[in-house]
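# Examining the three-dimensional arrangement
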Amino acid sequence: MTEHLTSPSTEAPGVRRPGVRREQDSLGDADVPEASYWGISTHRAVDNFPVSGRTIGTLRSLIWSLGAVKYAAARANESLGLLPPDKSAAIQKASLEVMDGRLDDQFVVDTIQGGAGTSTNMNANEVIANRALELMGHRKGDYAALHPIDDVNRSQSTNDVYPTAIKIALQREITAFCEEHDRLIQAFDAKATEFAGIIKVGRTQLQDAVPMSMGQEFGAFADTLREDGLRLLELLPHLRESNLGATAIGTGITASPGYREAVIKELSSITGLQLTSATNLVEATSDTGVFMLVSGVLKRAAVKLSKICNDLRLLSSGPQTGFGEILLPAVQAGSSIMPGKVNPVIPEMVNQVAFRVIGADATVTMAVEAGQLQLNAFEPVIADALLESIAWLTVACRQLRTHCVDGITANTQMLQQRMLESISVVTGLAPLIGYAAAAELAKEALASHRGIAELVVERGLLDPQKMEAALSAKSLAGLG
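Note that the structure is a prediction, hence the values are computed from the model and not measured. (Residues numbered from 1 in each chain as written. Predicted model: local features only at pLDDT ≥ 70, side-chain atom pairs only at ≥ 80, totals over all residues. Heavy atoms only, no water.)

## As for the overall build of the protein chain
Helix and strand counts for the protein chain stand at 18 helices and eight strands. Here the protein chain holds 480 residues, and 50% of them are scored as buried. Look at the contacts in the protein chain between residues 6 or more apart in sequence, and 70% of them connect residues 24 or more apart. For the protein chain, the exposed area adds up to about 21600 Å²; of that, 55% sits on carbon and sulfur atoms. Distance from the positive charge centre (42 side chains) to the negative charge centre (54 side chains) of the protein chain: 2 Å. (Helix = DSSP H or I, 4+ residues; strand = E, 2+ residues; numbered from the N terminus. Buried < 20%, exposed > 50% of the residue type's maximum accessible area, 1.4 Å probe, protein only. Contact = heavy atoms within 4.5 Å. Areas by Shrake-Rupley, 256 points an atom, 1.4 Å probe, with all protein chains shown as cover. Lys, Arg positive; Asp, Glu negative; His and termini not counted. Charge placed at Lys NZ, Arg CZ, Asp CG, Glu CD.)

Right under this line is the structure:
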């Protein structure tokens, strides 16, 4: 929408030209499109921050949360006699429209911005004010009837509204991610059951180690992801602490007695979250450590998910000259020059999502560290990094499940042949014949290309029954 913006005008405020309306702030006046719900503060922010090309309107959970905060503030202010019922009702209706997503295209400020989120808060104030004015029968920009700051932003500051909205948005997005993450875990669990009876060679340091079942391998994938799901859910209580009522720096200046308790109660009711008020509002306004905590757990989840995808790519490598133990679904042609080539593109995509999340964690860490005195000015990049990370991880989990894991099959013929030829089974004999003798067997088997069982029988090291029991799948893979 930047193409519709006009330069500051020298005409007096109140003069209307076709297609635009004149608005004024402490810096002067400017024309904004008549049809827009945003106003002069948003106009200046759009001009100042053409950075990422992504607007805050693309962050659905953040916009929903901003609407919820404004809705709660209007109700709290009305209950304290600070806002007339007609203004409160109009603000609440407009805020609900924001929550419902009907005004997302009016949130035009870039996600990366200076000012500690003031531009985002003012974008919300102006959109809600102008929509409320319409609902009251006034024209947009008629701020004498209802004002973005005096009414919509009453008892508030960007410094308590914005971090509260970010925390609510993160709770919504983490919950959605955990649901998708859990579906991926269930997919790996299903494969663990499907592959339970398939014996293969486990590996350490990319070298043959000891036998295991493929079910054990996929079950381990499920459980390592399950741990991260639990860690993510443990974050939610930390995000329920709000500094609403703190206003600028935590002293509560401009907020009336009783507002802090009233707005937390209203916001808890609106969001369905059991929000609590921070014990020390000055500390809560300046400290953004909770965002670093969230980022760290997201990074852990991303790294472990990426490691699993590394394993899937290795296990499926080939199909003729690699590991070739599993077959991934063929979802697209793999080469513009090599006919028939199919690549593990879904795991590769997940790897790249993980790389981005790891980088985002560095961004969040630096932004948290860069806070000064009573405020952290860098919450916009924190919000952008965290919400993008969660959104990308959610999609990555869904695509990995539906386009890869659900369709994985085992190359049973190759696995059976390798087990017949593998010297890894000799470890199961070591307790019965001794380590040195087992090592000699392994060397001879490799040199002669003969099987371990054949050599044991030839040397008379064990009677057939004991050898069969020691080399059974149940014994080798610890399945029973």
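## As for the state of the cysteines
By definition, a disulfide links two cysteine residues through a covalent bond between their sulfur atoms. Taken as a whole and assessed by the stated rule, the structure comprises zero disulfides. Sulfur of Cys404: no disulfide; nearest cysteine sulfur belongs to Cys309 and is 7.0 Å away. (Disulfide = S-S within 2.5 Å.)

## Some thoughts on a nonpolar patch on the surface
A surface patch of nonpolar side chains, amounting to about 260 Å² of accessible area, comprises Val303, Phe355 and Ile358. Of note, Ile358 is situated in helix α11 (residues 345-369). (Patch = residues over 30% accessible without salt bridge, like charges linked within 9 Å, V, L, I, M, F, W, Y side chains within 5 Å. Salt bridge = Lys/Arg side-chain N within 4 Å of Asp/Glu carboxyl O.)

## A closer look at the confidence of the model for the protein chain
Here the protein chain averages 91 in pLDDT, and 95% of its residues register 70 or above. Of the regions scoring below 50 in pLDDT, residues 1-10 engages in 19 contacts with residues more than four places distant in sequence or in other chains. (pLDDT = per-residue confidence, 0-100.)

## What about the environment of Met99?
For Met99, the location among the structural elements is in helix α3 (residues 85-100). Note: C-alpha distance between Met99 and Leu441 (342 residues apart in sequence) is 71 Å. Sequence-distant contacts of Met99, defined by excluding residues within four places in its chain, comprise Arg60, Trp64, Gly67, Ala68 and Ile270.

## Focus: the pairing of strand β3 (residues 199-204)
As defined by bridge partners, β3 adjoins strand β4 (residues 207-213) across five bridges and the pair is classed as antiparallel. Residue Lys200 lies in a different strand from β4, and its bridge partner there is Met212. Counted between consecutive antiparallel strands, the loop separating β3 from β4 contains two residues, among which Gln205 sits at a positive phi close to 55°. (Pairing = 2+ DSSP bridges.)

## A few points about unusual backbone geometry
Negative phi characterises most residues that are not glycine, and trans characterises most peptide bonds. At the junction of Gly318 and Pro319, the peptide bond is cis and its omega measures out at 10° in the coordinates. Its place among the elements puts Pro319 in the loop between α10 (289-315) and β7 (326-327). For Ser155, which is not glycine, the phi torsion reads 70° and is therefore positive. One can find Ser155 in the loop between α5 (148-152) and α6 (158-194).

## Overview of the packing of helix α7 (residues 214-235) against α10
Where α7 meets α10, the axes come as close as 9 Å, and the angle between the chain directions of the two elements is 170°. When the axis of α7 is compared with that of α10, the two are roughly antiparallel. For the pair α7 and α10, the sense of crossing is left-handed. Each of Glu217, Phe218, Phe221, Thr224, Leu225, Glu227, Asp228, Arg231, Leu232 and Leu235 in α7 lies in contact with α10, whose residues at this interface are Leu293, Val294, Val297, Leu298, Arg300, Ala301, Lys304, Leu305, Ile308, Asp311, Leu312 and Leu315. Of the residues assigned to the contact of α7 with α10, the class counts are 14 nonpolar, one polar and seven charged. (Axes fitted to C-alpha atoms, helices over the stretch in contact; angles between N-to-C directions. Parallel < 35°, antiparallel > 145°, perpendicular 65-115°, else oblique. Left-handed = near helix turned anticlockwise from the far one by under 90°. Nonpolar A, V, L, I, M, F, W, Y, C, P; charged D, E, K, R; others polar.)

## A short note on the nonpolar core
Within the largest apolar cluster, 110 residues are counted, with the highest numbers of intra-cluster contacts made by Ile174, Phe188, Phe218, Leu312, Leu400 and Ile408. Considering each element in turn, this core owes the most residues, 15 residues, to α6. If near-sequence neighbours (up to four positions away) are discounted, Phe218 is found in contact with Phe188, Lys191, Ala192, Phe195, Leu312, Ile326 and Ile408. (Core = buried A, V, L, I, M, F, W, Y, C linked by side-chain atoms within 4.5 Å.)

## As for the packing of helix α2 (residues 60-79) against α6
The contact between α2 and α6 brings their axes to 8 Å, and the two run at 130°. In terms of orientation, α2 lies oblique with respect to α6. In the crossing of α2 with α6, the sense of the turn from one axis to the other is right-handed. Contact residues: α2 offers Ser61, Leu62, Trp64, Ser65, Leu66, Val69 and Lys70, while α6 offers Val161, Thr164, Ala165, Ile166, Ile168, Ala169, Arg172 and Glu173.

## What to know about the pattern of salt bridges
According to the stated counting rule, one finds 29 salt bridges in the structure shown. Residue Arg300 is joined to Asp228 by a salt bridge in which the shortest nitrogen-to-oxygen separation is 2.5 Å. Placement of the pair is Arg300 in helix α10 and Asp228 in helix α7, with a sequence separation of 72 residues. Note on Asp228: relative accessible area 0%, which makes it buried. One salt-bridge network, held together by shared partners, links Glu97, Asp100, Arg102, Arg131, Glu134 and Lys140.

## As for α2
In a regular helix each residue adds 1.5 Å, so 20 residues correspond to 28 Å; α2 covers 29 Å between its end C-alpha atoms and thus fits that length. Most of α2 is tucked away, with 16 of its 20 residues classed as buried. The first or second residue beyond α2 is Gly81, which carries a positive phi of 75°. (Expected span 1.5 Å × (residues − 1).)

## Notes on the environment of Arg183
Summarising the element assignment, Arg183 is placed in helix α6. Separated by 219 residues in sequence, Arg183 and Thr402 have C-alpha atoms that sit 9.8 Å apart.

## What about helix α16 (residues 452-459)?
It helps to recall that an α-helix has 3.6 residues per turn; residues three or four apart then point in one direction. Within the sequence span of α16, burial applies to Ile452, Leu455 and Val456. Seen from one end, α16 has its buried residues packed into an arc of 100°, which puts them on one side. Among the residues trailing α16, Gly460 stands out with phi positive, at a value near 65°. (Arc of directions from axis to C-beta.)

## Let's talk about the side chain of Asp160
By secondary structure assignment, the location of Asp160 is in helix α6. For the buried residue Asp160, which engages in no salt bridge, the nearest side chain bearing the opposite charge is Lys70, 7.4 Å off. Reaching out from Asp160, the side chain makes a polar contact with the backbone nitrogen of Gly245 at a distance of 3.0 Å. At 3.1 Å, the side chain of Asp160 forms a polar contact with the backbone nitrogen of Thr247. Asp160 has contacts with Ser155, Asn243, Leu244, Gly245, Ala246 and Thr247, leaving out every residue within four places of it along the chain. (Polar contact = N/O pair within 3.5 Å; in protein donor to acceptor, adjacent residues only side chain to side chain.)

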